[in-house]
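Structural description and commentary
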Amino acid sequence: ADLLHERMAALGLSRADVQRIAHGLMRDLERTCACCGDKAECRTHLATQPDDPAWKDYCPNAISLEAVMKSKGRVPL
């Protein structure tokens, strides 16, 4: 799930952000990432165009990561 952590860093998210939003979500994100079949595409985008929103088209964690980004700052610390 290294790619997940790289994607989260590119999005400005931390493990703590995810854990504040939903207990157990980080584990689910890591498991989903580990089973993903688009690692080569993800690795390439992270290395060359980390800000390109195209990752949302193939990443199975896109909806969850976007939800965390939207909630970041709205959830009490």
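Residues numbered from 1 in each chain as written. Predicted model: local features only at pLDDT ≥ 70, side-chain atom pairs only at ≥ 80, totals over all residues. Heavy atoms only, no water.

Summarising the element assignment, Gly37 is placed in the loop between helix 3 (25–34) and helix 4 (39–48). By relative accessible area, which is 75% here, Gly37 ends up exposed. In sequence terms Gly37 and Cys59 are 22 residues apart; their C-alpha atoms lie 9.4 Å from each other. (Helix = DSSP H or I, 4+ residues; strand = E, 2+ residues; numbered from the N terminus. Buried < 20%, exposed > 50% of the residue type's maximum accessible area, 1.4 Å probe, protein only.)

Attention now moves to the nonpolar core. Leu4, Met8, Val18, Leu29, Trp55 and Leu65 are the most contacted members of the largest nonpolar core, which totals 17 residues. Of all the secondary structure elements, the ones that give two or more residues to this core are helix 1 (2–11), helix 3, helix 4, helix 5 (55–58) and helix 6 (62–71). Among the elements that make up this core, the one with the highest residue count is helix 3 (4 residues). With residues near it in sequence (within four places) discarded, Leu29 still touches Leu4, Val18, Asn61, Ser64 and Leu65. (Core = buried A, V, L, I, M, F, W, Y, C linked by side-chain atoms within 4.5 Å. Contact = heavy atoms within 4.5 Å.)

This next bit is on helix 3. Listed in full, the buried residues belonging to helix 3 are Leu25, Met26, Leu29 and Cys33. All buried residues of helix 3 project into a common sector of 100° when viewed along the axis, lining one side. Among the structural elements, helix 1, helix 2 (15–21), helix 4 and helix 6 are those in contact with the buried residues of helix 3. (Arc of directions from axis to C-beta.)

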